[in-house]
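The residues making up each chain are set out below.
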Amino acid sequence: MQSKAQLLLIIYSIVALSMILFDIFTVLYTSYSNRRFDVLFRRYSILIKEETEKEEVSKKHIKYLSKNLNSIVSMRAYKEAVVSLNERHPIEIKKYLNDSLEVIFILFNKTKDDVVKTSYLISFVKQFELLNLKNKALKRLIFRMLEHPSIYCRYQALEAISNTGKIDFLIHALKYISSKQNLSFQQRALTELLTVYKNKDELCSALIENFDSFNDEIQLSCSNYIRFNNGSYTKEFLEIYKSKKYDDEIRLSAIRYLSKYKDESHRDLFIKLARGEDEYRWEFQSIAIEALSAYKDEEVIEVLKKDLSSRYWYVRTNAAKVLSDFELNEEVYTEIINGDDKYARDALLYQLERKKENL
């Protein structure tokens, strides 16, 4: 028994010592890394400032950067030096970056197998809007990054393209992605990438105009982006919903768009969907019920009362929520609560209680 206790004590001591040594190593490494960053930042600041005072960037400087920007610390120090100088001398730094683009190409070639460094280089191109410089080779390079094995690098590349503010360039990139079956972007992240583009109305118009040129994934992202940024396309989204050539998820997104922007001409469609007459998927019915919250009348109320008896939980819940939000006469609620449908009663009681708690 004593030997077992001693063994446990030894193991505990080894673990504790290992943790202490790890903490010491972390502190020392962080301190060294910070000091190295400061040294490199000052060095690059001086070198860049000297180069901006010349008519053109020297070959010696290009060679020096190509050799020494070989770690994330050195790349970060260089970027921060450029940022600092750009705040005081934007014209000179823009010319400097244009004259030293050769460094970017060399570094991309050297770091092509390193995801972290490649991603950092793409973010550098994006931050300083280097794609807006008249350099077709750089645009082709970033375009190739859309096919990078790392999804993070692909995101960075598309964000850099979106950040240019050039609508034709962005649409071309989206069509290119659509044409490649092996390229995948998470739908939510893709929608967020579109928000980088500054002129929302211009982008919405271009996305609608080129909608059929995109794959399902991008169509869904475009639909979601437009829904949150522009309500001028109800006619187009009504046609998207009606057409069976689109994937169900895209047609659902079209219904979400129509539900967001009230239009009396869409009321009958929402009622038909809320009754479950037009679609085989409960999602259409559920979204239509939410949309009917903007169309309070007797017919709508009767449709929602029937939806309380749906076999689908989301349909019952949405119907109960809209009915509770309508703030109807107590007799209407009492009739449902005293009725024979347990599921309808439970759904409505929950929503009425939730409403009271939120008052």
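Structural data are supplied above this passage.
Residues numbered from 1 in each chain as written. Predicted model: local features only at pLDDT ≥ 70, side-chain atom pairs only at ≥ 80, totals over all residues. Heavy atoms only, no water.

Asker: Any chance you could break down the packing of aromatic side chains for me, citing the residues and the numbers?
Answerer: Across all of its chains, the model carries 14 aromatic pairs by this definition. With a centroid separation of 6.3 Å and an interplanar angle of 20°, the aromatic rings of phenylalanine 37 and phenylalanine 41 are classed as stacked. Of this pair, phenylalanine 37 and phenylalanine 41 both sit in helix α1 (residues 2-52), separated by 4 residues, roughly a single helical turn. The class for phenylalanine 37 is buried, based on a relative accessible area of 13%. Seen from their ring centres, phenylalanine 143 and phenylalanine 169 are 5.9 Å apart, and the 20° between their planes marks the pair as stacked. Residue phenylalanine 143 is found in helix α7 (residues 136-144), and its partner phenylalanine 169 is found in helix α9 (residues 167-179); the two are separated by 26 residues along the sequence. Here phenylalanine 143 falls in the buried class, since its relative accessible area comes to 11%. Owing to a relative accessible area of 14%, phenylalanine 169 belongs among the buried residues under this scheme. Connected via pairs of aromatic rings, a cluster forms that spans Tyr44, Tyr78, Phe124 and Phe128. A cation over an aromatic ring shows up here: arginine 76 above the ring of phenylalanine 37, its NZ or CZ 4.2 Å from the ring centre. Over the ring of phenylalanine 169 we find lysine 139; its NZ or CZ atom is 5.7 Å from the centre of that ring. (Phe/Tyr/Trp six-rings, centres within 6.5 Å; stacked < 30°, edge-to-face > 60°. Helix = DSSP H or I, 4+ residues; strand = E, 2+ residues; numbered from the N terminus. Buried < 20%, exposed > 50% of the residue type's maximum accessible area, 1.4 Å probe, protein only. Lys NZ or Arg CZ within 6 Å of the ring centre and 35° of its normal.)

Asker: Tell me about unusual backbone geometry, residues and numbers included.
Answerer: Excluding glycine, residues mostly carry a negative phi; peptide bonds, for their part, are mostly trans. Positive phi, close to 50°, is recorded for glutamate 129, a residue that is not glycine. Residue placement: glutamate 129 occurs in the loop between α6 (115-127) and α7. At glutamate 327, a residue that is not glycine, the phi angle is positive and equals roughly 55°. Relative to the helices and strands, glutamate 327 resides in the loop between α18 (313-326) and α19 (330-337). According to the relative accessible area criterion, glutamate 327 is exposed, its value standing at 57%.

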